[in-house]
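Structural overview
So the chains spell out like this:
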Amino acid sequence: QVRLVESGGGLVQAGGSLRLSCAASGRTFSNYAVGWFRQAPAKEREIVAAISSTGRTTYYANSVKGRFTISRDNAKNMVYLQMNSLKPEETAVYYCAGRNNLYVSSLLNEYDYWGQGTQVTVSS
């Protein structure tokens, strides 16, 4: 079993930055890929970014390319999401998810473990 705990959310003005963290425990962290998803009120959960087990491969949703950076530190069992130039429409609960696979996926149903989420609110 894998436990994921997100932190780092909060209130930020449009154009500002936040760094989300995901702390993992349980199954060997370096054996699974991790993704960040978000869900705004009344909207479906969507992929933001994903990273392979080694960190060599990353995936970004088109809407965040060039502004968000996903990274991981396997020695610390941590995954990060650096978010810059945030927009009000990116207000959402952000979730960290892990999958029993070495490779990235953009598909929500391919992730096996989920954190409880952290709220990000971007004010205009």
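Our structure is the block above this text.
Calculation notes
Residues numbered from 1 in each chain as written. Predicted model: local features only at pLDDT ≥ 70, side-chain atom pairs only at ≥ 80, totals over all residues. Heavy atoms only, no water. Phe/Tyr/Trp six-rings, centres within 6.5 Å; stacked < 30°, edge-to-face > 60°. Helix = DSSP H or I, 4+ residues; strand = E, 2+ residues; numbered from the N terminus. Buried < 20%, exposed > 50% of the residue type's maximum accessible area, 1.4 Å probe, protein only. Lys NZ or Arg CZ within 6 Å of the ring centre and 35° of its normal. Pairing = 2+ DSSP bridges. Axes fitted to C-alpha atoms, helices over the stretch in contact; angles between N-to-C directions.

Remarks on the packing of aromatic side chains
The final tally for this structure, using the stated rule, is six aromatic pairs. A centroid spacing of 5.1 Å and a plane angle of 80° characterise the contact between F37 and Y111, whose relative ring orientation is edge-to-face. Of this pair, F37 sits in strand β4 (residues 33-39) while Y111 sits in the loop between β9 (92-99) and β10 (113-114), placing them 74 residues apart in sequence. For the pair F37 and Y111, one class covers both residues: buried. An aromatic cluster of three or more residues is present, and its members are F37, Y95, Y111 and W114. Sitting above the plane of the W114 ring, R45 keeps its charged end 4.9 Å from the centroid. The ring centre of Y111 lies 6.0 Å from the NZ or CZ of R99, which sits over that ring.

A short note on the sheet that holds strand β8 (residues 78-83)
In a beta sheet, neighbouring strands are held together by backbone hydrogen bonds and run either parallel or antiparallel to one another. Here we have four strands laid out as an open sheet, ordered β1-β3-β8-β7, and antiparallel in their pairing. Among the strands making up the open sheet, the edge pair consists of β1 (2-7) and β7 (68-73). Strand after strand, the sheet turns through a mean of 15° between neighbouring axes, direction not considered. Relative to β8, strand β3 (residues 18-26) is paired through six bridges, and the arrangement is antiparallel. Following the sheet pairing, L18 is matched in β8 by M83.

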